[in-house]
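Each chain, letter by letter, is given below.
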Amino acid sequence: MRIAASSLSRARRSTTALTAATVGALVLSACSGGGMSSGVAAVVDGNQITIEQVQEATEQFNTLPVSPTTPTDVLTLLVYGDLAEEAHRAAGNAPIPDAQLVNDLKGGGLQNPADSTVDLYRAINHLQMAQQLPSTEDLDIEINPRYGEWDGTNGQVVAQAPEWITEVTGQADGAQN
């Protein structure tokens with residue numbers, strides 16, 4: 001009889017823990033991106049940029065001998081991808097072949113650049129050659145709150161701390177140095 005009571009007690013604890021974990025996961029998933037699909041960092045005129053693409057491009061780009069970049073900056077550049085190419089061509093420049101971009105990245109020490117890293121490098125090259133930053137005014141841009149929000153005035157993703165995070169300006173009462 002004692003074994004049965006012990007098993008029942010363990011089963012109740014397991015069920016309670018499972019329920020708590022499920023509720024926690026649902027709450028966290030609700031905070032992760034508003035109305036966006038799971039795994040999406042941004043949607044630009046219906047074209048998705050995934051979180052995986054942003055993470056992969058950031059990680060690979062930061063292995064190159066350049067100043068480190070952040071996922072937010074990488075996402076900004078990926079948002080500009082097609083616009084940057086259009087501006088590049090409008091300025092009278094020939095398209096940069098993927099093979100040239102891959103060779104440049106390999107020359108920097110990145111042996112197997114991912115497609116997202118090539119896209120990032122293409123956007124950087126196109127924006128450097130464009131006469132001015134292309135306007136994003138006519139684009140429908142939705143950014144996953146994980147990265148911030150789109151600032152159309154400055155043409156970039158701006159990281160935002162969620163409203164529920166507050167800045168601590170002093171030490172708590174009773175804290176010791």
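None of the values given here were measured: they were computed from a predicted structure.

**A few points about the packing of aromatic side chains**
All chains considered together, the criterion is met by 1 aromatic pair. With a centroid separation of 5.9 Å and an interplanar angle of 55°, the aromatic rings of Tyr-80 and Trp-150 are classed as tilted. Here Tyr-80, found in the loop between α3 (71-79) and α4 (81-90), pairs with Trp-150, found in strand β4 (residues 149-151); they are 70 residues apart in sequence, far enough to count as distant. Overall, Tyr-80 belongs to the buried group, its relative accessible area being 3%. For Trp-150, a relative accessible area of 18% puts it in the buried group.

**What to know about the confidence of the model for the protein chain**
In the predicted model, the protein chain carries a mean pLDDT of 78, and 71% of its residues have values of at least 70. Ranking the helices and strands of the protein chain by mean pLDDT puts helix α2 (residues 51-61) first, with 96, and helix α1 (residues 2-31) last, with 39. Of the regions scoring below 50 in pLDDT, residues 1-34 engages in 5 contacts with residues more than four places distant in sequence or in other chains.

**What about the nonpolar core?**
Grouped together as the largest cluster of nonpolar side chains are 30 residues, with contacts concentrated most on Ile-49, Val-54, Leu-75, Val-79, Ile-143 and Tyr-147. When residues of this core are traced back to their parent elements, those giving at least two are β1 (40-44), α2, α3, α4, α5 (98-107), α6 (115-129) and β3 (141-143). The contact partners of Ile-49, leaving out residues within four places of it in the chain, are Val-40, Ala-41, Ala-42, Val-44, Val-54, Leu-75, Leu-78 and Val-79.

**So, α2**
Since the α-helix advances by 3.6 residues per turn, residues separated by three or four positions end up pointing in the same direction. Inspection of α2 places Ile-51, Val-54, Ala-57, Thr-58, Gln-60 and Phe-61 among the buried residues, and these make up the whole buried set. Here the buried face of α2 lies against β1, β2 (47-50), α3 and α6.

**Details of the packing of α3 against α6**
Direction vectors running N to C along α3 and α6 enclose 70°, while the axes themselves pass 9 Å from each other. Taken together, α3 and α6 sit at an angle that is classed as roughly perpendicular. Of the residues in α6, those touching α3 at Val-74, Leu-77 and Leu-78 are Ser-116, Asp-119, Leu-120, Ala-123, Ile-124 and Leu-127. Residue composition of the contact of α3 with α6, by class: 7 nonpolar, 1 polar and 1 charged.

**Topic: the pairing of β1**
Taking burial as the measure, the 5 residues of β1 include 5 buried ones, the bulk of the element. When β1 meets β2, the two strands line up antiparallel, connected through 4 bridges. Bridge pairing in β2 links Val-44 to Asn-47. Counted between consecutive antiparallel strands, the loop separating β1 from β2 contains 2 residues, among which Asp-45 sits at a positive phi close to 50°. Sheet analysis places β1 next to β3, joined by 3 bridges and oriented antiparallel.

Thresholds applied
Residues numbered from 1 in each chain as written. Predicted model: local features only at pLDDT ≥ 70, side-chain atom pairs only at ≥ 80, totals over all residues. Heavy atoms only, no water. Phe/Tyr/Trp six-rings, centres within 6.5 Å; stacked < 30°, edge-to-face > 60°. Helix = DSSP H or I, 4+ residues; strand = E, 2+ residues; numbered from the N terminus. Buried < 20%, exposed > 50% of the residue type's maximum accessible area, 1.4 Å probe, protein only. pLDDT = per-residue confidence, 0-100. Contact = heavy atoms within 4.5 Å. Core = buried A, V, L, I, M, F, W, Y, C linked by side-chain atoms within 4.5 Å. Axes fitted to C-alpha atoms, helices over the stretch in contact; angles between N-to-C directions. Parallel < 35°, antiparallel > 145°, perpendicular 65-115°, else oblique. Nonpolar A, V, L, I, M, F, W, Y, C, P; charged D, E, K, R; others polar. Pairing = 2+ DSSP bridges.

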